[in-house]
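Residues per chain are reported as follows:
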Amino acid sequence: MNGQVKRAFRYRFYPTGAQAAELLRTFGCVRKVYNLALEARTQAWTLRRERIGYEATSALLTAWKRTEELAFLRDVSSVPLQQGLRHLQMAYTNFFAKRARYPRFKSRKKSRASAEYTRSAFRWRDGELTLAKMAEPLNIRWSRPLPENAAPSTVTVSRDSAGRWYVSLLCEDSSVTPLPAADSVVGIDVGLDHLLVLSTGEKIDNPRHERRDRAALAKAQRALCRKQKGSNNRAKARVEVARVHARIADRRADFLHKITTRLVRENQTLVIEDLMVSNMVGHRRLARAIGDAGWRQFRQLLEYKAAWYGRDLIIADRWFPSSKLCSACGALTSAMPLHLRTWTCGCGATHDRDVNAARNILAAGLAVTVCGAGARPQRNPPGGQSATKQKTLRREL
């Protein structure tokens, strides 16, 4: 990878009353336009078997602004509304490519409140950012500097459920360069008792961020349940619950960023297991613990950091029986009781269950690099590695 990448820099800011009101109006209009366009596209296909794209919905937006019912759309900047239509087009593209589900309507209470501005809808001058329809620049807390001589190409403003305002600036960053080549390789096995177990034998404990704040979360949720629906006190209590969730999410993200950065810096090749997290969180006993561990976020961070810094990330087949194979002789054990954390193979090698799995994951990943991407381990029958993995995690809860 060359040193020029598009990178988003996220900062917290504190809007004035007028700015907050303008942004909230913009969020509502973006959501309204997105839902209207989704309804129009859905009905066009359902009733007439007609596919309409971004250009058609853009023309519809112009017509909607001329109606008396939707005249309020003219009160906000048109750029975030057009960007909302582009986001809908991307959602359809991902759906037809089978990368995502069919687009869903945005809810005022549950959907993310955000608006995206392109260059024509904001002014960047002397380190100050002024959005369209605003007279004053945003009061941004510059927690880290932007790249030198960088000017944002896109600005995204958002407000989370805890009432915090954020602005994300997309810039060209030339400081991202590949790291010097390293000699080390590592296999990584994820779990719940230990968040990560490395093929080197190192075990990284699971911080269990949600469990640490579970009492505070339960207290805030009980207070929310006692408030009358529709009251101001209930709205305040809902924000308190959101703040606890935000604190948990911030701690988890901070921990995962630190550990993934460390792994990428220390190793040239990293091998992880391809887990179907979306299926595993459907289990009523596993969902809370897996969500707290943040396996999906861990993989996402590892993927883009490896790409940025010139590291090789290999995804081992999810059906590979990493726990049942002897990493010394390659013998496959037919049964592996869940209470067995250490076991001895017929060849005389004694294994820690999780470390052995990490070493097998590393070996499987290196085999793929040697034999080609098509060299995948044979899939297990139903009740094989996938079921064993879930049973092991259930025992660790």
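To be clear, the structure that these remarks concern was listed above.
Basis of the calculations
- Residues numbered from 1 in each chain as written.
- Predicted model: local features only at pLDDT ≥ 70, side-chain atom pairs only at ≥ 80, totals over all residues.
- Heavy atoms only, no water.
- Axes fitted to C-alpha atoms, helices over the stretch in contact; angles between N-to-C directions.
- Helix = DSSP H or I, 4+ residues; strand = E, 2+ residues; numbered from the N terminus.
- Left-handed = near helix turned anticlockwise from the far one by under 90°.
- Contact = heavy atoms within 4.5 Å.
- Nonpolar A, V, L, I, M, F, W, Y, C, P; charged D, E, K, R; others polar.
- Core = buried A, V, L, I, M, F, W, Y, C linked by side-chain atoms within 4.5 Å.
- Buried < 20%, exposed > 50% of the residue type's maximum accessible area, 1.4 Å probe, protein only.
- Polar contact = N/O pair within 3.5 Å; in protein donor to acceptor, adjacent residues only side chain to side chain.

Another point: the packing of helix 2 (residues 54–66) against helix 3 (residues 78–96). Packing of helix 2 against helix 3 brings their axes to within 10 Å, and their N-to-C directions diverge by 145°. With respect to the hand of their crossing, helix 2 and helix 3 are arranged in right-handed fashion. Of helix 3, the residues touching helix 2 (which contributes Tyr54, Thr57, Ser58, Leu61 and Lys65) are Ser78, Leu81, Gln82, Leu85, Arg86 and Gln89. Tallied by class, the residues present in the contact of helix 2 with helix 3 amount to 4 nonpolar, 5 polar and 2 charged.

A few words on the nonpolar core. Membership of the largest hydrophobic core comes to 42 residues, with the highest contact counts inside it found for Leu23, Tyr117, Leu129, Leu131, Val155, Val157 and Val167. Of all elements in the fold, only strand 1 (5–13), helix 1 (17–48), helix 2, helix 3, strand 2 (113–118), strand 4 (128–131), strand 6 (154–159) and strand 7 (165–173) reach the threshold of two or more residues within this core. In terms of residues, this core owes the most to one element, helix 1, which gives 10 residues. Look past the residues within four positions of leucine 129 in its chain and what remains in contact with it is Phe122, Arg123, Trp124, Pro137, Leu138, Ile140, Val155, Val167 and Leu169. Core analysis: the next-biggest nonpolar cluster, separate from the first, contains 29 residues, Leu195, Leu256, Ile259 and Leu286 among them.

Excluding glycine, a negative phi dihedral is what most residues carry, and trans is how most peptide bonds are arranged. Phi at lysine 98 takes a positive value of approximately 65°, unusual for a residue other than glycine. Take lysine 98: it is sitting in the loop between helix 3 and strand 2. Classification of lysine 98 by relative accessible area gives exposed; the value is 78%. One non-glycine residue, lysine 133, adopts positive backbone phi at about 70°. Structurally, lysine 133 is set in the loop between strand 4 and strand 5 (140–141).

This next bit is on the environment of serine 184. In this fold, serine 184 is placed in the loop between strand 7 and strand 8 (185–190). In the structure, serine 184 is positioned 86 residues away from leucine 270 in sequence and 9.1 Å away in space, judged by C-alpha atoms. Sequence-distant contacts of serine 184, defined by excluding residues within four places in its chain, comprise Glu266, Asn267, Gln268 and Thr269. Within the local environment of serine 184, its side chain forms a polar contact with the backbone oxygen of glutamate 266, the two atoms lying 2.4 Å apart. A polar atom in the side chain of serine 184 sits 3.3 Å from the side chain of asparagine 267.

Note that all results are geometric; they support no functional claim without further evidence.
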